[in-house]
Amino acid sequence: MGERCCAAVVRVLVLQAAWALSGGQVRYSVPEEAEAGTVVGRLAQDLGLEAGEAEARRLRLVAPGRRASVEVSGASGALLVSSRLDREELCGKSAPCALRLEVLLERPLRVFHVQLEVTDINDNAPVFPAARKNLSIAESSLLGSRFPLEGASDADIGANAQLTYTLSPNEHFALDLQKMEEDGESLFLVLRKSLDRETIPVHRLVLTASDGGRPSLTGTMELVISVLDVNDNAPQFNQSVYKMQLPENAERGTLVIRLNATDLDEGANSNISYSLQILSPQDGRNIFGIDKNSGEIRLTGDLDFEGVSFYRLQVDATDKGTAPLSGHCKLVLEVVDVNDNAPEVWVTSLSVPLPEDASLGTVVALLSVSDRDSGENGRVRCWVWPASPFGLEATFAGSYSLVLREALDRERVSEYEVEVRAEDGGAPALRASRGLRVPVSDVNDNAPSFAQAVYTVLARENNAAGAELARLWARDPDEAANGRVSYSVWDGGVGVGGGGAAGSSSGVGWRPASSYVSVDAESGRLWALQPLDYEELQVLQFEVRAVDAGEPPLSGNATVQLFVLDENDNAPALLPPAGSAAEAGGVAAAAAWAVALAGAGSESGTLWAWAAWGAPAGQVVAKIRAVDADSGYNAWLRYELWEPRGKGPFRVGLYSGEVSTARALDEADGPRQRLLIVVRDHGEPARSATATLSVSLLEAAEAALAAGSSSSSSLAAVSRSAAGVELGAGAASAVTNVWLVVAICAVSSLFLLAVVLYGASRWAPRAAVLSAPGPTTLVCASEVGSWSYSQRHSRSLCVADGAAKSDLMVFSPNFPPPPPAPAAKDTQPEPSALLDTVSANTLLSSLSRSQPFCPSRCAGCAGIQAPFPRGRER
């Protein structure tokens, strides 16, 4: 440790000795604008410090009074540029530019002086005091005249500040730079060529100053030299002689001519005043006058071609310079004879109004034309404006006829404003005109026309009698009686759609459209004579005739299509017994249930059905069918089980009407179940009907026997008009096996026949229509339920190519069945044909009676398509 201290003392002594020998100061030089981080010098090394000693002894820089822009690197001990060095900012024009810095060194504390010289670079261009200098020089200045200019300055020093000057090329001016010991440099602008303000009023030159740096920098100043005017130009006219013509009827104050003399000088030297002298005739002094400032010559008296035909005038123009200069011109004015009498037009005869069917060539008016002038001034040319539909024909000298040349149309133009124009041959020509008003009288040549050929009117049924349905309007462009239109319903054209309405060949017979609607003869208001019934009339098509009151009367027709909108005014009706129907669900299903109307000893209107104990859930027991005379949503039916409520053994399909088991049946359910089913439509408000179904619960064998007897009785019911046949319960037990075989055979035969008929329908045409008198109801049954549509006075057999359906039902809702035969009290009543299994005879009987037959998704159901929700598929 002692050796180290001795070595440090020795080094300090050596450093102090070296520092004393060098005068105690370190000098560095760096160019201005050096980048930050530039090494100025190795300060630690120059101070005799070893590596790492500068940092250990905290070598640092102190710059008193200003920002040094340099710093000492603590790691290397080098002097670095820390920020921008600008010599002009630090020292200005002083040379050399030296910065005095102090460096501190601790342990022991020492102070060293460092001198940093910032050298100049050419980073400043010459700058003039102003970017533009304005000079004013008189155009009469002598050649060699000198005009002092202020030179440019350069912030640099030395050769970088040595300036030279150049002037942009021109032929009038040059530069003269004089260097004097006392005043330095003086710059002058010297005139080398005479100036002419009228030729070049302003000279624009560029003075450029270049310094002596490498590369050289330049600065510019624009010299704007305005040439001052002197009165060296006399006023001049464009012509020495002006020739003019003036008509003799020119009024006083008429401008004869505006003379304009120009003086190339400016200011007061170019201000001109005018004066007028009458050369000939001598008595024409009061005829003309001149404005001394504008040079306008105007007429101050009256001209007379017969008195004086020519005037000679002299005009002087004098400027207002110090020594005034003048210019002269002559004006020769010729007085022109004019046509001062206009033609005259008179109407001697006028025949109005003119009927619109007047023939071509009809004379409308007679006219007379004259002109008091003579020669060309008295020759008159006449025409009609506008040129159509009338024209002029000359009869003899000065007389014309106004005739019709084109066909008239009062509806297009009801009145014509005709102007007969006359023009003489004078120069300038004088014109005269005479206006005629020619009204056109109307004839009945336009029939009334409706805005539409076909009008579509929508009306709700059950409307009040006298209710307004629509307003019709026919336009007749004629006027008065010819355009007065009356309306009527024309019974000659009848087209009625729907139920028993006019135009139908069935039902109540043909009825004219005027029995339903009427139209107001004056206003065209269409109103109903009676309430409309959608079930009777859906579409009424008729014609409305519009007739005007002209002679002869003309008419126009329009077709009106009146569509009656349905309202929910019909409640659902249960279909009356009209045969039998079978669910094509197989032998087991056919033996499982049968339905019949109640016989003697039961409630009137009660439907009967049988179900076997132990039948699984979902087994179809019966199917309730109903129809609604309305259409659309008003005829879309839904079925609800009203009684019993809660969890009973049976349920009803919401849209199909099928009564099926909700669970497996057992003996605890009792021998008989009474169901109250409500049928509702979707109208607003909804209407409903109720049906009572009595379901007898039997053993499986008894249920099959009941189903077999139902099928046999159904085959006999067609020929007997549904006459009842009783089946005793005791006899049924004795011949169970026999009837079981008979039932199976009958059901199998019926199933095979249904399959054959269905297959034939698949290959038959898509739709067939059978017509027969009498009202019917078209019913289409599908998975979603019964969709019913009432269509009276027509019968439709609908056959579609849709998918096969398990139930093919045939209904005859509008024909009441024959009364059933009396039944014995001790037997079950015969099953009703309302809910029965379909047999071949029933199907053929239904077809022979032209009842509608619609399989699933029938395309012929009155064209009704509705996005109803699908029900449960069986």
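Residues numbered from 1 in each chain as written. Predicted model: local features only at pLDDT ≥ 70, side-chain atom pairs only at ≥ 80, totals over all residues. Heavy atoms only, no water.

1. With respect to the overall build of the protein chain
Scanning the protein chain from N- to C-terminus turns up 9 helices and 52 strands. Looking at the protein chain as a whole, 43% of its 874 residues are labelled buried. Of the roughly 43900 Å² that the protein chain leaves accessible, carbon and sulfur atoms contribute 53%. (Helix = DSSP H or I, 4+ residues; strand = E, 2+ residues; numbered from the N terminus. Buried < 20%, exposed > 50% of the residue type's maximum accessible area, 1.4 Å probe, protein only. Areas by Shrake-Rupley, 256 points an atom, 1.4 Å probe, with all protein chains shown as cover.)

2. Here we look at the environment of aspartate 476
Relative to the helices and strands, aspartate 476 resides in the loop between strand 33 (474-475) and strand 34 (485-497). For aspartate 476, a relative accessible area of 9% puts it in the buried group. Remark: the alpha-carbon pair of aspartate 476 and proline 448, spanning 28 residues in sequence, is separated by 4.5 Å. Only 3.0 Å separates the side chain of aspartate 476 from the backbone nitrogen of aspartate 478, close enough to count as a polar contact. (Polar contact = N/O pair within 3.5 Å; in protein donor to acceptor, adjacent residues only side chain to side chain.)

3. Some remarks on the pairing of strand 12 (residues 184-191)
The side chains of a regular strand alternate between both faces of the sheet. Summarising burial for strand 12: 6 of the 8 residues are buried, a large majority. In terms of strand pairing, strand 9 (residues 146-149) meets strand 12 through 4 bridges, oriented antiparallel. Each residue of the ladder has a partner; that of arginine 146, found in strand 12, is valine 190. Relative to strand 12, strand 11 (residues 173-180) runs antiparallel, the two being bridged by 8 bridges. Across the sheet, methionine 180 pairs through a bridge with glycine 184, a residue of strand 12. (Pairing = 2+ DSSP bridges.)

4. As for the sheet that holds strand 23 (residues 354-355)
Spatial strand order, 23-29-28-25: 4 strands in an open sheet with mixed pairing. In this open sheet, the two strands that pair with only one neighbour each are strand 23 and strand 25 (380-385). Relative to strand 28 (residues 415-424), strand 25 is paired through 6 bridges, and the arrangement is antiparallel. From the neighbouring strand, arginine 381 faces strand 28, where its bridge partner is glutamate 423.

5. What to know about the packing of aromatic side chains
In total, this model carries 8 aromatic pairs according to the counting rule given. Both rings, one in tryptophan 636 and one in tyrosine 655, keep their centres 5.1 Å apart while their planes meet at 10 degrees; by these two values the pair is stacked. Pair noted here: tryptophan 636 is in the loop between strand 43 (626-627) and strand 44 (637-643) and tyrosine 655 is in the loop between strand 45 (650-652) and strand 46 (658-661), with a separation of 19 residues, a long-range link. Like tryptophan 636, the residue tyrosine 655 is buried in the burial classification. What links up through ring pairs into an aromatic cluster is the set Phe450, Tyr455 and Tyr487. Over the ring of tryptophan 490 we find arginine 545; its NZ or CZ atom is 4.4 Å from the centre of that ring. Here the guanidinium or amino end of arginine 645 rests over the ring plane of tryptophan 642, the centre of that ring lying 4.0 Å away. (Phe/Tyr/Trp six-rings, centres within 6.5 Å; stacked < 30°, edge-to-face > 60°. Lys NZ or Arg CZ within 6 Å of the ring centre and 35° of its normal.)

6. Notes on unusual backbone geometry
Each neighbour pair has its own omega, and for tryptophan 385 with proline 386 the value is -5 degrees, a cis peptide bond. Of note, proline 386 is situated in the loop between strand 25 and strand 26 (390-396). With omega at 5 degrees, the peptide bond leading from serine 388 into proline 389 counts as cis. Tracing the backbone shows proline 389 in the loop between strand 25 and strand 26. With phi around 65 degrees, asparagine 462 is a residue other than glycine that occupies positive phi space. Among the secondary structure elements, asparagine 462 is positioned in the loop between strand 31 (454-460) and strand 32 (468-471). Residue class for asparagine 462 comes out partly exposed when judged on its relative accessible area of 42%. Even without a glycine there, the phi angle at alanine 480 is positive, about 55 degrees.

7. Overview of the sheet that holds strand 15 (residues 241-247)
The strand order 15-21-20-17 describes an open sheet built from 4 strands, whose pairing is mixed. Two strands close off the open sheet at either side, each with one partner strand: strand 15 and strand 17 (272-280). The average undirected angle you get between the axes of adjacent strands in this sheet is 25 degrees. (Axes fitted to C-alpha atoms, helices over the stretch in contact; angles between N-to-C directions.)

8. Some points on the pattern of salt bridges
Within the structure shown, the criterion is met by 25 salt bridges. Residue glutamate 536 is joined to arginine 511 by a salt bridge in which the shortest nitrogen-to-oxygen separation is 3.1 Å. With glutamate 536 in the loop between strand 36 (525-528) and strand 37 (539-548) and arginine 511 in the loop between strand 34 and strand 35 (517-519), the pair connects residues that are 25 residues apart, well separated along the chain. Judged by relative accessible area, which is 27%, glutamate 536 ranks as partly exposed. Residues joined in a network through salt bridges with shared partners are Arg197, Glu198, Asp229 and Glu266. (Salt bridge = Lys/Arg side-chain N within 4 Å of Asp/Glu carboxyl O.)

9. Thoughts on the nonpolar core
Among the nonpolar cores identified, the biggest contains 28 residues, and Phe450, Phe542 and Leu562 are the most heavily contacted of them. Elements that contribute at least two residues to this core include exactly strand 31, strand 32, strand 34, strand 35, strand 36, strand 37 and strand 38 (555-565). Of all hydrophobic cores here, the second largest spans 26 residues; its members include Ala34, Ala54, Val70 and Val103. (Core = buried A, V, L, I, M, F, W, Y, C linked by side-chain atoms within 4.5 Å.)

10. As for a nonpolar patch on the surface
On the surface, a cluster of nonpolar side chains totalling about 190 Å² of accessible area is made up of Val347, Leu350 and Val352. Within the secondary structure, valine 352 is located in the loop between strand 22 (344-350) and strand 23. Judged by its relative accessible area of 35%, valine 352 is partly exposed. (Patch = residues over 30% accessible without salt bridge, like charges linked within 9 Å, V, L, I, M, F, W, Y side chains within 5 Å.)

11. Thoughts on the side chain of glutamate 535
Here glutamate 535 lies in the loop between strand 36 and strand 37. For glutamate 535, a relative accessible area of 6% corresponds to the buried category. A polar contact of 3.3 Å, which involves the side chain of glutamate 535, links it to the side chain of asparagine 570.

12. Remarks on the confidence of the model for the protein chain
When the pLDDT values of the protein chain are averaged, the result is 75; 73% of them are 70 or greater. Every residue in residues 499-508 scores below 50 in pLDDT, and together they form 33 contacts with partners more than four places removed in sequence or on other chains. For the stretch residues 765-874, pLDDT sits under 50, and the model shows 286 contacts to residues farther than four places along the chain or on other chains. (pLDDT = per-residue confidence, 0-100. Contact = heavy atoms within 4.5 Å.)

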